[in-house]
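# Inside the fold
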Amino acid sequence: MHSYLSNDTNGPWATYVEQIERVKPHLGVLAGLADTLVHPKRILIVDVPVRLDDGSLAHYEGYRVQHNTSRGPGKGGVRFHPGVSLGEVMALAAWMSIKNAAVNVPYGGAKGGVRADTAGVATARTLSVTLLPFGFPFHEYHCELTASRKFLEPVAE
């Protein structure tokens, strides 16, 4: 089966593709449609520049994947982690598509990822990374639902 990350044999995307292959024999006449589930609608890789507290500029690699939007706008937040990869973000977006369809929610699957260690990062900087539109034209991504800012870190109430 063709995949954008065909050399990734052990990562999350390979796991997702293997799950789709395992389910196909049980889909009957719909099995032919399963191939669309291993082809994300859009994949974007961007540089996310962030001004640090000391005035220097740091660059973080960012990803945004719209896996499937046939049910509605893509739903999925942004994962911040120093080890985040495109394969991981693709798999998380795909699993979001499956979860939304399984519970009949009118959303597709999407996910973002920024390769950054946010432990100990000032709130303003974390939010600047989160709210920065990844340096890409959002009009190409139409409407998407992402996580609220309040879930980025514990908030004393």
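Report on the accompanying structure. Here the structure is a predicted model, which means the values were calculated and not measured.

## What to know about the pattern of salt bridges
One pass over the full model with this rule turns up five salt bridges. Taking the shortest distance from any N to any O, the salt bridge between Glu 18 and Arg 22 comes out at 2.9 Å. Of this pair, Glu 18 and Arg 22 are both found in helix 1 (residues 12-23), four residues apart, which corresponds to roughly one turn of the helix. A relative accessible area of 38% places Glu 18 in the partly exposed class. Residue class for Arg 22 comes out exposed when judged on its relative accessible area of 51%.

## Here we look at unusual backbone geometry
Negative phi characterises most residues that are not glycine, and trans characterises most peptide bonds. In this structure, Asn 104 takes a positive phi of about 60 degrees despite not being glycine. Along the polypeptide, Asn 104 turns up in the loop between helix 2 (86-102) and strand 5 (108-115). Look at Asn 104 and you get exposed, because its relative accessible area is 59%.

## Quick notes on the nonpolar core
Core analysis: the largest hydrophobic core is formed by 15 residues, its most contacted members being Trp 13, Tyr 16, Val 38 and Val 65. Contributing elements (two or more residues each) for this core: helix 1, strand 2 (57-68) and helix 2. Looking at which element gives the most residues to this core, the answer is helix 2, with six residues. The next biggest cluster of nonpolar side chains, apart from the first, holds eight residues, and it includes Val 50, Ala 58, Tyr 60 and Val 114.

## Quick word on the packing of helix 1 against helix 2
Between helix 1 and helix 2, the shortest axis-to-axis distance is 7 Å and the interhelical angle comes to 35 degrees. Residues Pro 12, Trp 13, Thr 15, Tyr 16 and Gln 19 of helix 1 touch helix 2, and the partners they reach there are Gly 87, Glu 88, Met 90, Ala 91, Ala 94, Trp 95 and Ile 98. Across the contact of helix 1 with helix 2, the residue classes break down as eight nonpolar, three polar and one charged.

Basis of the calculations
- Residues numbered from 1 in each chain as written.
- Predicted model: local features only at pLDDT ≥ 70, side-chain atom pairs only at ≥ 80, totals over all residues.
- Heavy atoms only, no water.
- Salt bridge = Lys/Arg side-chain N within 4 Å of Asp/Glu carboxyl O.
- Helix = DSSP H or I, 4+ residues; strand = E, 2+ residues; numbered from the N terminus.
- Buried < 20%, exposed > 50% of the residue type's maximum accessible area, 1.4 Å probe, protein only.
- Core = buried A, V, L, I, M, F, W, Y, C linked by side-chain atoms within 4.5 Å.
- Axes fitted to C-alpha atoms, helices over the stretch in contact; angles between N-to-C directions.
- Contact = heavy atoms within 4.5 Å.
- Nonpolar A, V, L, I, M, F, W, Y, C, P; charged D, E, K, R; others polar.

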